[in-house]
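Read off the chains here:
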Amino acid sequence: MKKIAKVVVGLTMAAAVAATAGAIAGCGSSQTGEAYGLTHGAGYVGYSKIVVSGEKVKDLVLTEVCLPTEVTAAETVAAADKVTGTYVKRGKVYTADYYKSVTVGSTAFTYDETIPEGSQASIGYKTSDGTTLLSWLSSEANCKAYYEAVTTNAVKVTVGSEQKTDIMNKASLSKEENGYWTVEGTSKWKANRDATVNYVKSNGVANLTKLKKNADTSIWMDGEISTGATWNDLNPATSNGYFSYAELIIKANEAVK
């Protein structure tokens, strides 16, 4: 009986040790959250992915893709496949030739040249029931579908009898690749993005909505801590109908599973 009791005690202790080890391992495990949404004046689709372990941010992705109006129709494209869109912004008239038909997944958009004054050119893309591209992208699921279509080169542009995927692709629409905000060979967009990511990895997300821009240097500050970032939409006073970069990161953090 004593021998059996010792075996039972031994097994119980082993189980307790294993449970404790499992709990410790669980505490150190990484968890991930993702978020998609309109960013930067509702002119782009942003994506953020955060990996955390406890209170520590282990990794952070922050990126954006442009909307279809970033790509204008080539001069050689037949008139039937493009539309001349005219829109007015801050009293200035802009005109460009856009591809007439663009498809994201199973959703087709056709460009309507009638753009209300003050609206973005991208509002010209509409579904068959009149839903504008920007309205369609008010859904996070649709932002995800659009982002994934861009990054996997799956956005289809109708040219003649073909639906081409080499026009509005990752190279032309992703800010990682299309040279967006590049000055004298340096990507200002990447520099600001990287500075924001490095700040969050070092300091967490707690103070993102408290960041303030230094009036002299234009750098976003966390008290005396410099983020090194100067872009306008890191944490603006207001963001109507779109996410600031801080808000998108926080949204990803809230989605941690």
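Here the residue index of a chain counts from 1 through its sequence in written order. Per-residue local features are limited, in this predicted model, to residues with pLDDT of at least 70; the limit for side-chain atom pairs, both in listing and counting, is 80 or more; totals at the level of whole chains, interfaces and linings are taken over all residues. By convention in this description, side-chain values take in all heavy atoms of the structure and omit both hydrogens and water.

Thoughts on helix α5 (residues 188-203)
(1) Moving on: A run of H or I in DSSP counts as a helix once it spans at least four residues, and a run of E counts as a strand once it spans at least two, with each numbered from the N terminus. What a helix should span is 1.5 Å times the count of its residues minus one. With 16 residues, α5 should cover 22 Å at 1.5 Å per step; its first-to-last C-alpha distance of 22 Å lies within 8% of that length.
(2) Moving on: Elements in contact with the buried residues of α5: β3 (56-66), β12 (186-187), β14 (220-222), β15 (225-226) and α6 (245-254).
(3) Moving on: Within two residues after α5, Gly-204 carries a phi angle of roughly 80 degrees, on the positive side. Throughout, a contact is declared for two residues whenever any of their heavy atoms are within 4.5 Å.

Considerations on the nonpolar core
(1) Moving on: The nonpolar core is taken to be a set of buried Ala, Val, Leu, Ile, Met, Phe, Trp, Tyr and Cys residues, with the residues joined through side-chain atoms within 4.5 Å. Whether a residue is buried, partly exposed or exposed follows from its accessible area with a 1.4 Å probe, protein chains only, as a fraction of its type maximum: under 20%, in between, or over 50%, in that order. Ranked by internal contacts, the top residues of the largest apolar core, which has 64 residues, are Val-45, Tyr-99, Tyr-125, Leu-137, Tyr-146, Met-168 and Leu-208.
(2) Moving on: It is α6 that provides the largest number of residues to this core, a total of 6 residues.

What about the sheet that holds strand β6 (residues 101-104)?
(1) Moving on: Judged by pairing direction, the sheet is antiparallel, and its 5 strands sit side by side in the order β8-β7-β6-β9-β10 without closing on themselves. This sheet does not close on itself; its edge strands, each paired only once, are β8 (125-126) and β10 (162-164).
(2) Moving on: A pair of strands is treated as paired once DSSP finds two or more bridges between them. Sheet topology places β6 next to strand β7 (residues 107-111); 4 bridges connect them, and they run antiparallel. In the strand pairing of β7, Val-104 is matched with Thr-107.

Observations concerning the pairing of β6
(1) Moving on: Between β6 and β7, which pair antiparallel one after the other, the connecting turn spans 2 residues, and Gly-105 there sits at a positive phi close to 65 degrees.
(2) Moving on: Sheet topology places β6 next to strand β9 (residues 156-159); 2 bridges connect them, and they run antiparallel. Across the sheet, Val-102 pairs through a bridge with Val-157, a residue of β9.

A short note on the pairing of β3
Each regular strand shows side chains that alternate between the opposite faces of the sheet.
(1) Moving on: As judged from the 10 bridges shared by strand β2 (residues 44-53) and β3, these two strands associate in the antiparallel manner. Its bridge partner being in β3, Val-52 is matched across the sheet by Val-57.
(2) Moving on: Between β2 and β3, which pair antiparallel and follow one another directly, the connecting turn spans 2 residues, one of which, Gly-54, has a positive phi of 65 degrees.

Remarks on unusual backbone geometry
(1) Moving on: Of note in this structure, Glu-184 is not a glycine but carries a positive phi near 50 degrees.
(2) Moving on: Along the chain, Glu-184 turns up in the loop between β11 (182-183) and β12.
(3) Moving on: By relative accessible area, Glu-184 is classed as exposed at 81%.
(4) Moving on: Despite not being glycine, Ser-218 has its phi angle at roughly 65 degrees, a positive value.
(5) Moving on: Looking at where Ser-218 falls in the secondary structure, it is placed in the loop between β13 (212-213) and β14.
(6) Moving on: The exposure class of Ser-218 is partly exposed, given its relative accessible area of 33%.

So, the sheet that holds β2
(1) Moving on: Reading across the sheet, the 3 strands line up as β1-β2-β3 and stay open at both edges, with antiparallel pairing between neighbours. The strands lining the two open edges of the sheet, one partner per strand, are β1 (31-39) and β3. Here the strands of the sheet are splayed against their neighbours by 15 degrees on average, with no regard to which way each runs.
(2) Moving on: Those strands touched by α6 are β1, β2 and β3, and its axis lies near 145 degrees from that of β1. Fitted lines through C-alpha atoms serve as axes, helices being fitted only where they are in contact, and the angles separating the N-to-C directions of these axes extend from 0 to 180 degrees.

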